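# Examining the three-dimensional arrangement
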Amino acid sequence: MSANALDIVSATIAGMSELVRERKVSPVELTNATLARIETLQPRLQCFTTITPEYALQRAREAEHEITHGRYRGPLHGIPYTLKDVVATQGIRTTFGDPKGIDYRPQESATLHTLLEDAGGILLGKVVSEIGRSGTGPVGCRNAWDIRCSPGTSSSGSASAVAASLGFASIGTDTGGSVRHPASNSSLVGMKASFGRISRFGVWASSWTSDQAGPLTRTVEDNAIMLGILGAYDPRDPVSLNVPREAYRDGLRAGIRGIRVGVPVDDWIWKEWLSEEEETVVRQAIEVLKALGASVTEIKLPRSAHGRAILHTLTASEAQVYLEDNYTPEQIAAWPEWHPRFEQGRSQSFADYLHAQHERARICQEVTEALRHVDVIAMPTGSTFGDSWDAETVVIRGRQAQARSRAVYRNAIASLTGHPELSVPCGFGLADTFPIGLMLHGRPLQEGLLYRVAHAYEQATPWHSRHPAL
């Protein structure tokens, strides 16, 4: 099949991997087709910091040779992907989100990059982190659905690239929602796995208690494939969980009849930071879960309303320590994007930090208690629905709110508890043009159940088959 004949816009890892395995599609052809699309769309989307065509094509030729000689490694073999530019890649430019770090080439790769390479994936390049935006205009990386808007922060490049079919998957990182928020804004599936499920070795992790890498993909099955590769114990990461890998893909089609879904009734989840239009779309999605056989129970999470403020306190102190441990004073001084958080961290007392940790424990207790009575919790994903790049404020239910500040409120729950949480596309608003996400929250290490519920919903709805008109 020629590169021009390849349909990479509607293709998935699951579908394309079968064609690659059966040698109906060449990894070289697939990589060339994706690189050509990057060349066309990168000037508009500005989602890459570094593109690696020579490296990608060499990897593609190696993959093609291995597959031809019967050494097929699995569903990612010969499939192009990208990495958020906070992930170390040996010999490949890595900025760690700093646009001034243009000459740094790590001597060792992050564990997650090594795992993806061992699985046969083809790295196309590094994509934008919000900390250091690419682009020459007044804004940074653009949303593939509406270039006037953000793809969602901070894994903005990951979301933009996958939504625009510039790679079949990307790995972002998530402190307070930076995988789930971009997934919702970009009509993608984004997973923040259980804390410690994915190794942080070689990955920027400024928050010791919250940071976790996670995959962004166009479908639930593709996301399950990626986490099946990434979810491996790593002794070089002190928070890595020493648990067996799981074949998440195997349980996707078991259905959800009898699954107990908890839906919070708290106003802070539905009314304070969510438009009427978003609420309608998400509640319709929950009705689909009921129609598929799940039972729905109302729950209350009042203490979790304080999650954003608590996370803000924790991450300020942890980021200040991380920066001082990993950068020189001169480097920090030359990185103004981090100065407000750095100064907040230095000015906070240890008592402030300890109090936030106590409140974090109480929120974890509240959510854990709710999960004794339900199997998953369903709610809107924290997003910045339709915010334009230049907007300083937005109007929500008749009152003004700071633009791009509201995404963390709901997303902070999983960040503080360490539980897995997944965002799946559930519709569109703003005259059917801008994506909206449904968020599913589960018990520790039960990513498989979240995938199962999300897959059942996805297959019953059309959202995963829509693509931006670029």
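Residues numbered from 1 in each chain as written. Predicted model: local features only at pLDDT ≥ 70, side-chain atom pairs only at ≥ 80, totals over all residues. Heavy atoms only, no water.

### Comments concerning the packing of aromatic side chains
The tally for this structure, following the rule as stated, stands at eleven aromatic pairs. Pairing Trp204 with Tyr327 gives two aromatic rings, centres 5.9 Å apart and planes at 50°, and the pair type is tilted. You can see Trp204 sitting in the loop between strand 5 (189–192) and strand 6 (212–217) and its partner Tyr327 sitting in the loop between helix 10 (307–326) and helix 11 (329–333), a full 123 residues away along the chain. Judged by relative accessible area, Tyr327 falls into the buried class, the value being 19%. Aromatic side chains Phe385 and Phe434 sit 5.7 Å apart centroid to centroid with 80° between the ring planes, which places their arrangement in the edge-to-face category. (Phe/Tyr/Trp six-rings, centres within 6.5 Å; stacked < 30°, edge-to-face > 60°. Helix = DSSP H or I, 4+ residues; strand = E, 2+ residues; numbered from the N terminus. Buried < 20%, exposed > 50% of the residue type's maximum accessible area, 1.4 Å probe, protein only.)

### Things to note about empty space enclosed by the protein
The tally for this structure, following the rule as stated, stands at one cavity of 30 Å³ or more. Space inside the largest cavity adds up to approximately 70 Å³. Its residues assigned to classes, the lining of the largest cavity comprises five nonpolar, four polar and two charged. (1 Å grid on protein atoms, 1.4 Å probe; cavity = no way out; pocket = protein on both sides within 12 Å on 5 of 7 lines; lining within 4 Å. Points joined across faces, edges and corners; volume = space filled by probe spheres on them. Nonpolar A, V, L, I, M, F, W, Y, C, P; charged D, E, K, R; others polar.)

### Quick notes on the layout of surface pockets
Reported here for the largest pocket is a volume of approximately 1100 Å³. Glu130, Thr153, Ser178, Arg341 and Val408 are the residues nearest the centre of the largest pocket, which is lined by 33 residues in total. When residues of the lining of the largest pocket are traced back to their parent elements, those giving at least two are strand 4 (169–174), helix 10, helix 12 (339–347) and helix 14 (408–417). Broken down by element, the lining of the largest pocket gets its largest block of residues, five residues, from helix 10. Looking at the lining of the largest pocket, its residues break down into ten nonpolar, 14 polar and nine charged. The space that makes up the second largest pocket amounts to roughly 420 Å³. Along the walls of the second largest pocket sit 16 residues, with Phe96, Tyr104, Asn326, Tyr327 and Gln331 positioned nearest its centre. Broken down by class, the residue content of the lining of the second largest pocket amounts to nine nonpolar, five polar and two charged.

### Description of helix 3 (residues 53–68)
When the terminal C-alpha atoms of helix 3 are compared, their 22 Å separation across 16 residues agrees well with the 22 Å that a helix rising 1.5 Å per residue should span. Taken together, the buried positions of helix 3 are occupied by Ala56, Leu57, Arg59, Ala60, Ala63, Glu66 and Ile67. Looking at the buried side of helix 3, the elements it contacts are helix 1 (13–21), helix 2 (27–45), helix 4 (111–118) and strand 3 (122–127). One or two positions beyond helix 3, positive phi appears at Gly70, with a value near 80°. (Expected span 1.5 Å × (residues − 1). Contact = heavy atoms within 4.5 Å.)

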